[in-house]
Amino acid sequence: MSTERRKKILELPIKIIFNEEGINFFIKSNKKLVKFKLADEIEQYGIFFDSFSPASVQKMLLINYIASIEISRPEFVSKRQEVMDLSKLITYGTLYRRFDAMVFTKVLESEVIKKWNRANPSGIIDRKTAISETYLNQTLEKNKALMQSLKQEMLRNLVAQVMQNDTLLPEEKNVQLFLAEKFLNNLRPLIWFVLTNFKDSDELLPLLNEIEVILQEFMVKAKIAEYLSLMTMELAIMAENSNMQNFAKARYKGTLDPMTVMYDPEMRKMIVEEMKARDQNVFLSWKVGADNAKAIAARERLQVKIYNKEAGFLDLKKSIDDTKGVKLKQRSLMEFYKEGPDENAGSTELGLYYLSYLSEECQKVGVHFESLVNQIRESNLTVITLNLLI
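Residues numbered from 1 in each chain as written. Predicted model: local features only at pLDDT ≥ 70, side-chain atom pairs only at ≥ 80, totals over all residues. Heavy atoms only, no water.

Remarks on the sheet that holds strand β6 (residues 300–308)
Our working rule: For two strands to pair, DSSP has to find at least two bridges joining them. In this description a helix means any DSSP run of H or I spanning at least four residues, a strand means any run of E spanning at least two, and both kinds are numbered starting from the N terminus. Orientation is described by lines fitted to C-alpha atoms, with helices fitted over the stretch in contact, and by angles between N-to-C directions that extend from 0 to 180 degrees. Contacts are assigned to residue pairs with any non-hydrogen atoms lying within 4.5 Å of each other.
Spatial ordering of the open sheet is given by β2-β3-β1-β4-β5-β6-β8-β7, a layout of eight strands whose pairing is antiparallel. For this open sheet the edge positions go to β2 (34–37) and β7 (368–376), each flanked by a neighbour on one side alone. Sheet twist, expressed as the mean angle between neighbouring strand axes with direction ignored, is 30°. Note that strand β4 (residues 66–73) and strand β5 (residues 282–290) share six bridges and pair antiparallel. Of the residues in β5, the one forming a bridge with Ile71 is Leu284. Helix α4 (residues 80–108) rests against β1 (14–18), β4, β5 and β6 of the sheet, and its axis sits at about 10° to β5.

Structure below.
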């Protein structure tokens, strides 16, 4: 999360694919969209960036313009940090959206709004309430000091807990406090409009306390962003190594030892350049959106897909299926990552074991998780899918 604050630009070529709302917005703004053929062979409209601002992409995620984001390259190791930052950016964006939806529901169901609606049947506040964006922004600008006061009230207990937590380093405490504020800062303006306009209501404090409970819940869920970025990167490297070895076998007809490609920097660089010239890529895709767009209480779905030409599809599928429920030593994913695998475990096993950790952590915080492996026979692509329902 500290990376999200530090980096203004990520040097990572990406395709951003828009949903219907995003397409309509860009068409109305006279922005030209490009039609891309994605890894799954489906054509979609979007834009391409050689580099991008994380803040801009996350803003598009939060206002629900993005359907998916895709990157493709022969290797990911040289862009390891950028890929992990992108993964966390998307996961945090998904968490912010779900948090906002849950708080909005809590506000609409609160005694504050019920009392208002009973007294003002001709001006009720509900999901259909439309207030001019300009008027909202002007009102909130006037109430900035009050908004900050309400934020501090909702953060008071959480700040005390973080500061008293001796297991956290000073930088980790700062990251936690920054994240908590980020959740509140990304609430829709209508929520803040209600909170500031009913500042004198007797029912406001109980509502703030309920929002604080939801915030505490999402602070715990936020750990998933780190776990998922590690899992995604490990699977990407697995796919990258397999893709590189298969390319070397086919390109050099058995005259080049595929393992040499893995461990000889110059040979690896040569193979990567050849793969670039022939568009022999591994694809990483993130799909986002509500699980059921029409449902009021729809949960947010985040889907990560790794597409790769994988000769050993059945072996890979069996390996992943076999390790989904593996019970490991009681260590967190971060601890396991820092310590490294057991001596008898290879890099593939390391990546696969992460599935068990991610699944276990998701279960702890109420996030539904599943992992699948499929094959697109027409294009000889193996697809690893990680599904999260937040």
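Considerations on the environment of Met275
Heads up, the rule is: For each residue, the accessible area found with a 1.4 Å probe, counting protein chains only, is set against the maximum for its type, and the residue is called buried under 20%, exposed over 50%, and partly exposed in between.
On the secondary structure map, Met275 appears in helix α13 (residues 265–277). When its relative accessible area of 0% is taken as the criterion, Met275 is described as buried. Not counting residues within four places of it along the chain, the set of residues in contact with Met275 comprises Pro74, Asn243, Met244, Phe247 and Gln280.

Topic: the pairing of strand β8 (residues 381–389)
With respect to burial, β8 is a largely interior element, nine of its nine residues being buried. The side-chain alternation of β8 yields two buried faces, one formed by Leu381, Val383, Thr385, Asn387 and Leu389 and the other by Thr382, Ile384, Leu386 and Leu388. Pairing between β6 and β8: eight bridges, direction antiparallel. Counted as the bridge partner of Lys305 is Thr385 from β8. In this sheet, β8 lies alongside β7 in antiparallel orientation, the contact comprising nine bridges. Following the sheet pairing, Asn374 is matched in β8 by Val383.

Remarks on the packing of aromatic side chains
To keep things clear, this is the line we draw: Working definition: a ring pair exists when centres of Phe, Tyr or Trp rings (six-membered ring for Trp) sit within 6.5 Å. Plane angles under 30 degrees give stacked, over 60 give edge-to-face, the rest tilted. Placement of a positive charge over a ring is assigned whenever Lys NZ or Arg CZ falls within 6 Å of the ring centre and within 35 degrees of the normal to the ring plane.
Applying the stated criterion to the full structure yields ten aromatic pairs. One aromatic cluster is present, built from ring pairs that chain together Tyr92, Tyr96, Phe99, Phe183 and Phe218. Over the aromatic face of Trp192 sits the side chain of Lys151, whose NZ or CZ is 5.6 Å from the ring centroid. Taking NZ or CZ as reference, Lys221 lies 5.7 Å from the ring centre of Phe218, over its face.

Looking at the packing of α4 against helix α10 (residues 204–221)
Inclusion rule: Oblique is the label for any angle not under 35 degrees, not over 145, and not in the 65 to 115 range, which are roughly parallel, roughly antiparallel and roughly perpendicular in turn. Crossings are classed by handedness, with left-handed meaning an anticlockwise turn of the near helix from the far one by less than a right angle and right-handed meaning a clockwise turn. Put simply, Ala, Val, Leu, Ile, Met, Phe, Trp, Tyr, Cys and Pro go in the nonpolar bin, Asp, Glu, Lys and Arg in the charged bin, and everything else, Gly too, in the polar bin.
Direction vectors running N to C along α4 and α10 enclose 160°, while the axes themselves pass 10 Å from each other. On the basis of the axis angle, α4 is roughly antiparallel to α10. Of the two elements, α4 crosses α10, and the hand of that crossing is right-handed. Across from Leu95, Arg98, Phe99, Met102, Val103, Lys106 and Val107 in α4, the residues of α10 making contact are Leu207, Glu210, Ile211, Ile214, Leu215, Glu217, Phe218 and Lys221. Among the residues making up the contact of α4 with α10, the classes are represented as ten nonpolar, no polar and five charged.

Thoughts on helix α5 (residues 111–119)
Structurally, the α-helix is built with 3.6 residues per turn, so residues lying three or four positions apart point the same way. Stated precisely, the cut-off is as follows: The directions from the helix axis to the C-beta atoms form the arc being described.
By the burial criterion, the buried members of α5 are Val112, Ile113 and Asn117. For α5, the angular spread of the buried residues around the axis is 120°, confining them to a single face. Across from the buried face of α5, at angles greater than 90 degrees, the exposed residues are Arg118 and Ala119. Taken together, the buried residues of α5 touch α4, α9 (189–197) and α10.

Describing the confidence of the model for the chain
To keep it simple, the criterion reads: The quantity called pLDDT is the predictor's confidence in a given residue, expressed from 0 to 100.
Looking at the chain as a whole, the pLDDT averages 87, with 85% of positions reaching at least 70. Across residues 328–334, confidence stays below pLDDT 50; counting only partners more than four residues off in sequence or on other chains, it has 18 contacts. Predicted confidence for residues 340–346 stays below pLDDT 50, and this span has four contacts to residues more than four positions away or in other chains.

Let's talk about the side chain of Glu300
The test is simple: Throughout this description, a polar contact denotes any pair of N or O atoms lying within 3.5 Å of each other; where both atoms belong to protein, one of them has to be capable of donating a hydrogen while the other can accept it, and for residues adjacent in sequence the pair is counted only when both atoms sit in side chains.
For Glu300, the location among the structural elements is in strand β6. Within the local environment of Glu300, its side chain forms a polar contact with the side chain of Arg97, the two groups lying 3.0 Å apart. Dropping the residues within four chain positions of it, Glu300 is found in contact with Thr94, Arg97, Arg98, Gly289, Ala290, Leu388, Leu389 and Ile390.

Side note on helix α7 (residues 144–163)
Note the threshold: Two axes enter the bend calculation: one fitted to the seven residues ending at the residue in question, the other to the seven starting there, and the bend is the angle between them.
The largest bend in α7 comes to about 50°, at Leu155. Of the surrounding elements, those touching the buried residues of α7 are α6 (133–142), α8 (170–185), α9 and α10.

Some words on the packing of α6 against α9
Taken N-terminus to C-terminus, the directions of α6 and α9 make an angle of 45°; their axes are 10 Å apart at the nearest point. Here α9 runs oblique to α6, going by the angle between their axes. As for how α6 packs across α9, the hand of that crossing is left-handed. Note on element contacts: α9 touches α6 through Pro189, Leu190, Trp192, Phe193, Thr196 and Asn197, opposite Tyr135, Leu136, Thr139 and Leu140. For the contact of α6 with α9, the residue count by class is seven nonpolar, three polar and no charged.

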